[in-house]
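Architecture at a glance
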Amino acid sequence: MSELTHAPAQRRSIGGQLLGGSQLVLGAILAVLCIAISIAAPQFYSEANIIAILRQCALVLIVASGMTMLIITAEVDLSVGASLAFVGCIGMAVLNSTHSLTLGMLAALAFAGGVGLFNGLVVTRLRVNSLIATIGTMMMLQGGVYLFTREAVQNHNQLASFTDLGAGYVGAVPVPVILAALIFAVAYVTLRFTTLGRYLYAVGANEKAVRLSGLRSERLKLFAFVVTGLCVGVAGMILSSLMNAGQPTAGRGFELTVIAAVILGGTSLLGGRGSLFGTLLGVLVLKVIDNGIIILGWNQDLQMVVPGIVIILATYLDIIRNKANVR
């Protein structure tokens, strides 16, 4: 047990200082981006534009909260984008059939959680690398959604509660932002203040020590996969509400944005180190850049280029941080 508690704690202590520094840098980058874009396009600070940014951030942050927990355990899920699209189609189809938002949400969560469970079992029981396993799942989902429906599943009921899920407000705050804040808060408290959170960090930092201590590392990883899947379920229904339809192509590239935000926020792909606050900053930086590309009238294909660049640079910085930890 001493090996489990001492090594990860020492690594988190060193990593925490580095993460704190990287978060300060991210905060400074975010401030510079906001100032620069607002000078070039004063409408950046308009109420409508800020709300649009917050809604886009909410979708990514919901899934990134689960993905942060997963990557901390040294695993990753590349199927979240394909699952997001499938979830929206299933949720919309159930809503159309039952005229019930509750049943539509439950169906979406059950499907997305099932995808997470499947990924987790493939990784923990079959010992398939999570990168390969979730690429396989992504391909199955991308093909499966077209077996389920050849076109968008339109909203036939026009339920006010479903419209409010994506476009509604509580006071002046959009509903998706409130949902994202709640999920973020639960994930933050779990990682920061609970024994479960410490175990998740420990699995990523030293899985062998976790096993020697008598803990089931497979169950911890399975938990992280399922949580990530459930987060996709919530985001998928919000997205289908915003589009007023379940779109089979809705999630393309979404997984890259989520993973880029998590890595940019300082979570190590090697596991054992990460911060949800850093993930939040990563999401904000990426979505402010996306918004700047739009309001400045630049080619919107750059929105796919930026996450790719971020993943490469952030992974390189992660390598540097790991070398610093070794020293």
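Residues numbered from 1 in each chain as written. Predicted model: local features only at pLDDT ≥ 70, side-chain atom pairs only at ≥ 80, totals over all residues. Heavy atoms only, no water.

As annotated in an unreviewed UniProt entry, the protein carries the name ABC transporter permease and is attributed to Rhizobium loti. UniProt lists a comment for the protein under the heading Subcellular location (unreviewed entry), and it reads "Cell membrane". (UniProt positions renumbered as here; feature names shortened; annotations may be inferred.)

Observations regarding the nonpolar core
In terms of nonpolar packing, the biggest core is built from 84 residues, with Ile62, Val63, Met67, Leu191, Met237, Val258 and Val283 touching the most fellow members. Here this core gets 14 residues from one element, more than from any other, and that element is helix α2 (residues 47-72). Not counting residues within four places of it along the chain, the set of residues in contact with leucine 191 comprises Met69, Ile72, Gly197, Arg198, Leu200, Tyr201 and Leu276. (Core = buried A, V, L, I, M, F, W, Y, C linked by side-chain atoms within 4.5 Å. Buried < 20%, exposed > 50% of the residue type's maximum accessible area, 1.4 Å probe, protein only. Helix = DSSP H or I, 4+ residues; strand = E, 2+ residues; numbered from the N terminus. Contact = heavy atoms within 4.5 Å.)

Focus: the pattern of salt bridges
Taken as a whole and assessed by the stated rule, the structure comprises six salt bridges. With a shortest N-O distance of 3.0 Å, arginine 211 and glutamate 207 are connected by a salt bridge. Of this pair, arginine 211 and glutamate 207 both sit in helix α9 (residues 207-212), four residues apart, which is roughly one turn of the helix. A residue is classified by how much of its surface remains accessible, and arginine 211, at 41% relative accessible area, is partly exposed. For glutamate 207, a relative accessible area of 21% puts it in the partly exposed group. Through salt bridges that share partners, Glu75, Arg127, Glu207, Arg211, Glu218 and Lys221 make up one connected network. (Salt bridge = Lys/Arg side-chain N within 4 Å of Asp/Glu carboxyl O.)

Observations concerning the environment of asparagine 49
Position of asparagine 49 relative to the elements: it lies in helix α2. Relative accessible area serves as the criterion here: at 11%, asparagine 49 is assigned to the buried category. Residues within four places of asparagine 49 in sequence aside, it is in contact with Gln43, Phe44, Asn291 and Ile295.

A closer look at helix α12 (residues 276-295)
Between the first and last C-alpha of α12 there are 28 Å, a value that for 20 residues agrees with the 28 Å anticipated at 1.5 Å per step. Counted residue by residue, α12 has 14 buried out of 20 residues, so it is predominantly covered. Between the side-chain oxygen at the start of α12 and the backbone nitrogen of phenylalanine 277 there is a gap of 3.2 Å, and the oxygen is on serine 275. In the segment just after α12, glycine 297 is the residue with positive phi, at about 75°. (Expected span 1.5 Å × (residues − 1). Polar contact = N/O pair within 3.5 Å; in protein donor to acceptor, adjacent residues only side chain to side chain.)

Regarding the environment of histidine 99
Residue placement: histidine 99 occurs in the loop between α3 (80-98) and α4 (101-124). A residue is classified by how much of its surface remains accessible, and histidine 99, at 52% relative accessible area, is exposed. Sequence separation between histidine 99 and valine 80 is 19 residues, and the spatial gap between their C-alpha atoms is 27 Å. Sequence-distant contacts of histidine 99, defined by excluding residues within four places in its chain, comprise Val94, Asn157 and Leu159. There is a polar contact of 2.6 Å between the side chain of histidine 99 and the side chain of asparagine 157.

Overview of the side chain of threonine 228
Following the sequence through the fold, threonine 228 ends up in helix α10 (residues 217-243). In this structure, threonine 228 is in contact with Gly66, Met67, Leu70, Asp77 and Val80, ignoring residues within four places of it in sequence.

Description of the packing of aromatic side chains
Considering all chains together, one arrives at five aromatic pairs under this definition. Taking 4.7 Å as the distance between ring centres and 45° as the angle between the ring planes, the aromatic pair formed by phenylalanine 86 and phenylalanine 111 counts as tilted. Here phenylalanine 86 is found in helix α3, whereas its partner phenylalanine 111 is found in helix α4, with 25 residues between them in sequence. Owing to a relative accessible area of 9%, phenylalanine 86 belongs among the buried residues under this scheme. With a centroid separation of 6.2 Å and 20° between ring planes, the pair formed by phenylalanine 184 and tyrosine 188 is classed as stacked. (Phe/Tyr/Trp six-rings, centres within 6.5 Å; stacked < 30°, edge-to-face > 60°.)

Describing the state of the cysteines
If you walk through the whole model with that rule in mind, you get zero disulfides. Looking at the unpaired cysteine 34, the closest cysteine sulfur is the one in cysteine 57, lying at 9.8 Å. Assessed through its relative accessible area of 16%, cysteine 34 is described here as buried. Not engaged in a disulfide, the cysteine cysteine 231 finds its nearest cysteine sulfur in cysteine 57; these two sulfurs lie 16 Å apart. Relative accessible area serves as the criterion here: at 8%, cysteine 231 is assigned to the buried category. (Disulfide = S-S within 2.5 Å.)

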